[in-house]
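# Commentary on secondary and tertiary structure
Read off the chains here:
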Amino acid sequence: MRRPVRFFDALLKLYPVDFRDEYGREIVLVFADRYRDATGPLARAGVWFEAVLGVLRHAPKEHVRMFWQDVRYAARSLRANPLFAGMVVLALALGIGANSAIFSVVNAVVLRTLPVPDPGQLYLVREQPGPNQPYRVSWPAFDRLRLAAPGQVAAISRAVATLHARIGGAAQAEPIPAHLVSGEFFGVLGVSAARGRVLTPDDNRTPGGHPVAVISYGCWQRRFGGSPEVIGKEISLNGARFSIVGVAREGFPGVWLESPTEVWLPLAMQHDVHYSQNYSASNSRTTEAWMPQAGIEWLCVVARAPAGAAPMQAALNLTYQQGRAERAALIADPEARRRFLQGKVVMDPFAHGISRLRERFTEPLYLLMAMAGLVLLIACANTANLLLARATARQREIALRLSLGAGRIRLFRQLLTEGLLLVSIAAVAALAIARWTAGALVHMAASTPRGSAPFAAEIDWRVLAFTAGVALATALLFGVAPAIRAARVDPAAALKAGARSISGASGRMPRILVAMQVALSLVLVVGAGLLVRSVRNALETPLGFDREHVLSVAIDPRLAGYRAEQLPLLYDRLLERIGALPGVQKAALAACGILAGCRSAEDNLIIEGYEGPRGGEAFVVNNVVTPGYFEAVGMRLRAGRLLEERDRKGALLVGVVNEAFMRRYAGGAPPLGRKFGQSAADREIVGVVEDARVQDVKNEPQPMAYFPLQQRGATARSMEIRAEGDPRQIASAVRRAIAEVEPRLPIEGVVTLSERVRTNLTQDRLLLSLFSAFGGLALGLAAFGLFGLLSYTVARRRGEFGIRMALGEPASSVLWSVLRESLLLACAGLAIGLPLVIAGAGWMRSVLFGVGPRDAATILTAAGVLLAIAAVAGWWPAWRASRTDPLAALRSE
Amino acid sequence: MSASRRPRPDDPSPESFLPLHKDTFHILVSLADRDRHGYSVMQDVAERTSGTLRLSPSSLYASIRRLLEQGLIEELAERPDPAHDDERRRYYRLTGLGREVAIAEARRLERLLADARATGLLPKRS
């Protein structure tokens, strides 16, 4: 009989300790009685079975009951201290909220996969060696490549273009994001049609021969009211008519995170919609249809490899290297040929689609996550201190309960539940904060106006799980130590010491926690300080053009219905009309606007006198401009001459290069009179201009060449207008003048160059705002922590101050002694924080511009700010201490 | 479970506890005539219900804990018959409130029975 009873006794461990302590022995006794009274093995087995079942049923219920009892108790005790509860919840909500907000952006930008079946099977093909960019191929190259894996590879244009759409004969054209794709696109991604059909390879055979379009589900709902008659409807895109053949299934926004696609068109229709973005061209005619031209590389290759990347990569490489071998035969230098032949294609995972935002923000986002983590740590330290102080104040209550027989484990559990309750309330508030701020972050990161987020940073299961996890970790982090400490109270000693015994808060722990807050704040404040300097440097860096006086107008003459040969006349009329406006100093046209995200480059250059490695390594970024461009944007001439009216069609082909070109390809001396070109060196360098950061404010200028618009058949997409004063004041006059010259000419944007510079620095400004917010929060919390600790100490030492003052110590000396404590704590914090700053510096390096991550001035300033905060936080408690009335203090002793 | 309902402390009227869970009612009934220890309660209930209601040790003490908390029973400081008893056993007694609650529940059941008879659901008492 002993064995079943012993087993049953062991089973009772499933009950909460309190219940077991109270009733365990009784339950075992009753079980033993019943077992003894049962007759026969069957009846005994029945008793045993029933008893075990009873434990399994009731033990969990007792746990739940105990938990709710703890929660009710905690809620009551917090309600009794609303100020304490409010402060803790606020600090934690801000700390957890900062983490959840950043995480929800990380989730949306980095973690979320494309909404297609098995996104893990998708790959983007990249060339190696080469830039860390998708492999850009021409259509003929893709046509060969797809034979290696029929039906499993698709081509997409490198960019999602904004086209001018007219729906149902509407007078006003609306911008619509469109993506050019090969017929395999929908099949490879596994996206079906909600209505009609998707595009197939048959829709992509003849250039200009397939005016069909598939629209997104969102486009169908928004622009066509979800009408079932949408199939067969006509839509005009950049002047070309398309027939809608299908609606893609709901929830598929394309493969570009920040540019949700509304319409997909066959690649064969590139020329008809005047698509000309993100391409590189050699020996080609960019103004004609691109599809048949092997010299224009404008497509990315997406593949689905259900059997894994390796076999498909091998198959693709076979085809790829055949094509390479033909081209390698043209390379004379054996070393260059050998290197060229080593090239291969590799497959990068494509489960998350394409996102420039992800490329630019992944690293800063993780940096921000780390910073948000620091804020939370500070909030935890703060809360732990408040709880410690509270536990100390509650020593008598706890001692009383212990002496009345309450179990220590139970007490510990209750105190921990209090922490959990606080954190739970804070976590709910944090989700609200995250929901609101994550949306704002996406707006800022994508530089879109409010209310038009390109994608949502939703609170999904991942964000919820993350928040719950962080909240739980937080509760354990700040709750356990005070709970252990409180439950360890010696009841006899605590009760004997009476009301005055508020020992413990003066211990080391609270001081360490406050110093830690100061240390972590230093990291955040230094980070914010470095970013302030970095952004200021970027804003003040010499750009090589005049940002203050130039208005840049984005236009698209191809949409005004002009034939190529009529364009020069339009350009002349525009320049003449705008140039005559009052307040305008100079106007010029260019194919690419400054910092407008437009880039056109030529590689495989032949440059006279340049003997560098061949095989695609001599390249130049180019722009095609009208005479007067350099004066309009404020670029200075370094040698030779600028482009002039005489550089017309039929005259000597000329170009002006920048200093970077001169340094890299001409040994630093002005290469005036030298010729360069792609298939032949046919353009003569007539001048050298100063370097200008026309692509990116923070990147070093690349070799550039400017060609006369009159000599090259490019389309001018930007008009740069130099104003005498504030360029914004001439904006409306410029708009009116353009409309007078050509009402059909769409104006896509009118901005000043200083606005472009600001937009270009979005990432830095975003980081700056967040770091400042985190830094401010950290400072606030640290100040609050110091203030709380010192106020508490002062209240506790009131008697001591009374005696000291009664013995004749001047008030100023008492004041200084408290203030000194605050400053010493801050100094200790700074001493801990400094190594952290130095160790963490590497993380900041990649986001800084023109300032080192260990910039001494910034670190000293941040330390000064923290000391000042410590002085301010300590002032009030110190002042109170110095005003102690000796008599009153001693009487209360 | 009705018995786990918590009557408001400022309103300890017997009716606020009704209806009682059947285990609870049986335990109160079992303590109505004399003070008992746990096993005795269990035996009494099994006897009175001819073995149809068998409380397990766990459910018995879950109910006892609740009844103690609600003030319907109390633990005795001394054992009624120390000479013939295991000294580890605890004895329980119905409190005044517990008795009122048990009576109120019995009356409620009586009324239900009367209703059932009045409608002919059960045969009328001869």
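Cut-offs used in this document
Residues numbered from 1 in each chain as written. Chains lettered and ligands numbered in written order. Predicted model: local features only at pLDDT ≥ 70, side-chain atom pairs only at ≥ 80, totals over all residues. Heavy atoms only, no water. Helix = DSSP H or I, 4+ residues; strand = E, 2+ residues; numbered from the N terminus. Contact = heavy atoms within 4.5 Å. Areas by Shrake-Rupley, 256 points an atom, 1.4 Å probe, with all protein chains shown as cover. Core = buried A, V, L, I, M, F, W, Y, C linked by side-chain atoms within 4.5 Å. Buried < 20%, exposed > 50% of the residue type's maximum accessible area, 1.4 Å probe, protein only. Phe/Tyr/Trp six-rings, centres within 6.5 Å; stacked < 30°, edge-to-face > 60°. Disulfide = S-S within 2.5 Å. Pairing = 2+ DSSP bridges. Salt bridge = Lys/Arg side-chain N within 4 Å of Asp/Glu carboxyl O. Polar contact = N/O pair within 3.5 Å; in protein donor to acceptor, adjacent residues only side chain to side chain. Patch = residues over 30% accessible without salt bridge, like charges linked within 9 Å, V, L, I, M, F, W, Y side chains within 5 Å. pLDDT = per-residue confidence, 0-100. 1 Å grid on protein atoms, 1.4 Å probe; cavity = no way out; pocket = protein on both sides within 12 Å on 5 of 7 lines; lining within 4 Å. Points joined across faces, edges and corners; volume = space filled by probe spheres on them. Nonpolar A, V, L, I, M, F, W, Y, C, P; charged D, E, K, R; others polar. Axes fitted to C-alpha atoms, helices over the stretch in contact; angles between N-to-C directions. Parallel < 35°, antiparallel > 145°, perpendicular 65-115°, else oblique.

Before going further, it helps to examine the overall build of chain B. Broken down by element type, chain B carries 4 helices and 3 strands. Ordering the α and β elements of chain B from the N terminus gives α-β-α-α-β-β-α. Sequence separation of 24 or more characterises 52% of the internal contacts of chain B that already satisfy a separation of 6 or more. On chain B, roughly 7200 Å² of surface is accessible, and the fraction owed to carbon and sulfur atoms is 51%.

Let's shift gears to the nonpolar core. Note that soluble globular proteins tend to have their nonpolar side chains buried in a common cluster. Residues and elements named next belong to chain A. Of all hydrophobic cores here, the largest spans 87 residues; its most connected members are Ile-102, Phe-771 and Phe-774. If near-sequence neighbours (up to four positions away) are discounted, Ile-102 is found in contact with Leu-365, Leu-368, Met-369, Ala-372, Leu-441, Leu-770 and Phe-774. In this structure, Val-137, Ala-141, Leu-265 and Tyr-279 belong to the second largest nonpolar core, which totals 54 residues.

Residue and element names in this part refer to chain A. Throughout the structure, instances matching the rule amount to 26 aromatic pairs over all chains. Aromatic pair Phe-19 and Tyr-23: ring centres 5.1 Å apart, planes at 50 degrees, arrangement tilted. Taken together, the positions of Phe-19 and Tyr-23, both in helix H2 (residues 17-37) and 4 residues apart, correspond to about one turn of that helix. For Phe-19, a relative accessible area of 3% gives the class buried. Taking relative accessible area as the criterion, Tyr-23 reaches 5% and is therefore assigned buried. Between Tyr-629 and Tyr-706 the ring centres are 6.0 Å apart and the planes differ by 40 degrees, which places this aromatic pair in the tilted class.

Turning to the state of the cysteines, a few remarks are in order. Residues and elements named next belong to chain A. Applying the stated rule across the entire model yields 1 disulfide over all chains. Residue Cys-592 pairs covalently with Cys-598 via a disulfide, S to S 1.8 Å. Between Cys-592 and Cys-598 the sulfur-sulfur dihedral comes to about -55 degrees; the bridge is accordingly left-handed. Judged by its relative accessible area of 8%, Cys-592 is buried. Assessed through its relative accessible area of 27%, Cys-598 is described here as partly exposed.

As a further point, take the sheet that holds strand E3 (residues 91-94) of chain B. Residue and element names in this part refer to chain B. Strand order in this open sheet of 3 strands is E1-E3-E2, and the pairing throughout is antiparallel. A single partner strand is all that each edge strand has here, and the edge strands are strand E1 (36-37) and strand E2 (73-75). Pairing between E1 and E3: 2 bridges, direction antiparallel. Bridged to His-37 within E3 is Tyr-91.

Per the stated rule, a full pass over the model turns up 50 salt bridges over all chains. Across the pair B:Asp44 and B:Arg48 runs a salt bridge whose closest N-O atoms are separated by 3.1 Å. With B:Asp44 and B:Arg48 both in helix H2 (residues 38-48) and 4 residues apart, this pair spans about one turn of that helix. Given the relative accessible area of 38%, B:Arg48 is considered partly exposed. Bridged by salt links that share partners, the residues A:Arg511, A:Arg797, A:Glu800, A:Arg804, A:Glu809 and A:Glu821 form one connected network.

Moving on, we get to the interface of chain A and chain B. Listed by partner, the interface residues are 22 residues for chain A and 21 residues for chain B. On the surface where chain A and chain B come into contact, there are 5 salt bridges. Of the charged contacts, one joins B:Arg54 and A:Glu50 as a salt bridge, the two residues approaching to 3.7 Å between their closest N and O atoms. Here chain A and chain B share 11 residue pairs in polar contact (both at pLDDT 80 or more) between them. Taken together, the elements giving at least two residues each to the side of chain A that touches chain B come down to H2 and helix H3 (40-79) of chain A.

Residue and element names in this part refer to chain A. Examined against the element boundaries, Val-584 turns out to sit in strand E15 (residues 584-590). Distance in space between the C-alpha atoms of Val-584 and Gly-187 is 54 Å, their sequence separation being 397 residues. Those residues within four positions of Val-584 in sequence are excluded, and the remaining contacts are Ile-578, Gly-579, Ile-721, Arg-722, Glu-724 and Ile-730.

Okay, a nonpolar patch on the surface next. Residue and element names in this part refer to chain A. Where nonpolar side chains cluster on the molecular surface, the patch consists of Phe-787, Trp-875, Trp-876 and Trp-879 and spans about 420 Å² of accessible area. For the nonpolar patch, the leading source of residues is helix H25 (residues 856-882), giving 3 residues. For Trp-876, the position within the fold is in helix H25.

On to the confidence of the model for chain A, then. With 96% of its residues at a pLDDT of 70 or more, chain A shows a mean pLDDT of 86. In this model, residues 499-505 of chain A is a region of pLDDT below 50 whose contacts with residues beyond four sequence positions or in other chains number 18 contacts.

All names here are of chain A. Applying the stated criterion across every chain yields a total of 4 cavities of 30 Å³ or more. Taken together, Leu-387, Arg-390, Ala-391, Arg-394, Leu-415, Glu-418, Gly-479, Pro-482 and Ala-483 form the lining of the largest cavity. Taken together, the elements giving at least two residues each to the lining of the largest cavity come down to helix H10 (356-393), helix H12 (408-446) and helix H13 (461-487). Across the lining of the largest cavity, the residue classes tally to 5 nonpolar, 1 polar and 3 charged.

This part is about the pairing of strand E14 (residues 550-555) of chain A. Within a regular strand, the side chains alternate between the two sheet faces. Residue and element names in this part refer to chain A. Burial analysis of E14 places 6 of its 6 residues in the buried class, the great majority of the element. Burial along E14 is two-sided: the face carrying Val-550, Ser-552 and Ala-554 and the face carrying Leu-551, Val-553 and Ile-555 are both buried. Across 5 bridges, E14 lies against strand E24 (residues 718-723) in antiparallel orientation. Pairing of Ala-554 across the sheet is with Ser-718, part of E24. Where E14 lies against strand E25 (residues 747-752), 5 bridges are found, and the strand directions are antiparallel. Each residue of the ladder has a partner; that of Ile-555, found in E25, is Ile-747.

Looking now at the pairing of E3(B). Bridge analysis of E2(B) against E3(B) gives 3 bridges, and the strand direction is antiparallel. Bridge assignment links B:Ile73 to a residue of E3(B), and that residue is B:Leu94.

Moving on, we come to the packing of H12(A) against helix H21 (residues 762-796) of chain A. All names here are of chain A. Close contact between H12 and H21 brings their axes to 8 Å; oriented N to C, the two are set at 150 degrees. The orientation of H12 with respect to H21, classified from their angle, is roughly antiparallel. Note on element contacts: H21 touches H12 through Thr-762, Leu-766, Ser-769 and Leu-770, opposite Leu-441, Met-444 and Ala-445. Of the residues in the contact of H12 with H21, the class split is 5 nonpolar, 2 polar and no charged.

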